[in-house]
Amino acid sequence: MISSNIMLAFPGYTSIALIVVVVLLLFGGKKIPELMRGLGSGIKEFKDASKDDDSNDKLEEKK
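Now for a description of the structure that goes with this document. Note that this is a predicted model, so its numbers are computed, not measured.

Parameters and conventions
Residues numbered from 1 in each chain as written. Predicted model: local features only at pLDDT ≥ 70, side-chain atom pairs only at ≥ 80, totals over all residues. Heavy atoms only, no water. Helix = DSSP H or I, 4+ residues; strand = E, 2+ residues; numbered from the N terminus. Buried < 20%, exposed > 50% of the residue type's maximum accessible area, 1.4 Å probe, protein only. Areas by Shrake-Rupley, 256 points an atom, 1.4 Å probe, with all protein chains shown as cover. Salt bridge = Lys/Arg side-chain N within 4 Å of Asp/Glu carboxyl O. Expected span 1.5 Å × (residues − 1). Patch = residues over 30% accessible without salt bridge, like charges linked within 9 Å, V, L, I, M, F, W, Y side chains within 5 Å.

1. Considerations on the overall build of the protein chain
If you tally the helices and strands in the protein chain, you get 3 helices and 0 strands. Sequence-ordered secondary structure for the protein chain, helices as α and strands as β, is α-α-α. Among the 63 residues that make up the protein chain, the fraction classed as buried is 2%. Carbon and sulfur atoms form 67% of the exposed surface of the protein chain, whose accessible area is close to 6100 Å².

Here you go:
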C-alpha cells in the first residue's frame, strides 16, 4: 500500500511524455512559447513584489 503511494509521487518518463503530448494537442505549438513567456513574467513580478515587501519590512523595523 505504501509503495503504491510513493510511486504516484514520482512521475516516470512515460507520464511526462503523455502530459507533454496532451498539452501540445490542447494548446498547439505556437501558443506554448506565449504561455511560457507569460508564466516567466508572472514569476518575475512575484519575486519583485516579494523583494519590495521585504525591504519595506526592514525599513519599518529600523524606525
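2. Things to note about the pattern of salt bridges
Under the criterion given, the structure shown has 1 salt bridge. Note that E34 and K31 form a salt bridge whose closest N and O atoms lie 3.7 Å from each other. One end of the pair, E34, and the other, K31, are both in helix α3 (residues 31-62), 3 residues apart, so they sit about a helical turn from each other. With relative accessibility at 45%, the residue E34 sits in the partly exposed group.

3. Describing helix α2 (residues 13-27)
Helix length check: α2, at 15 residues, gives a terminal C-alpha distance of 21 Å against a target of 21 Å (1.5 Å per residue), a fit within 8%. Note on α2: the residue one or two positions beyond its end, G28, has a positive phi of about 85°.

4. Quick notes on a nonpolar patch on the surface
Together, L18, I19, V22, V23, L26, F27, L35, M36, L39 and I43 give the surface a local cluster of nonpolar side chains, amounting to about 940 Å² of exposed area. Those elements that provide at least two residues to the nonpolar patch are α2 and α3. No other element matches the 6 residues that α2 contributes to the nonpolar patch. By the secondary structure assignment, I43 is in helix α3. Judged by its relative accessible area of 43%, I43 falls in the partly exposed class.

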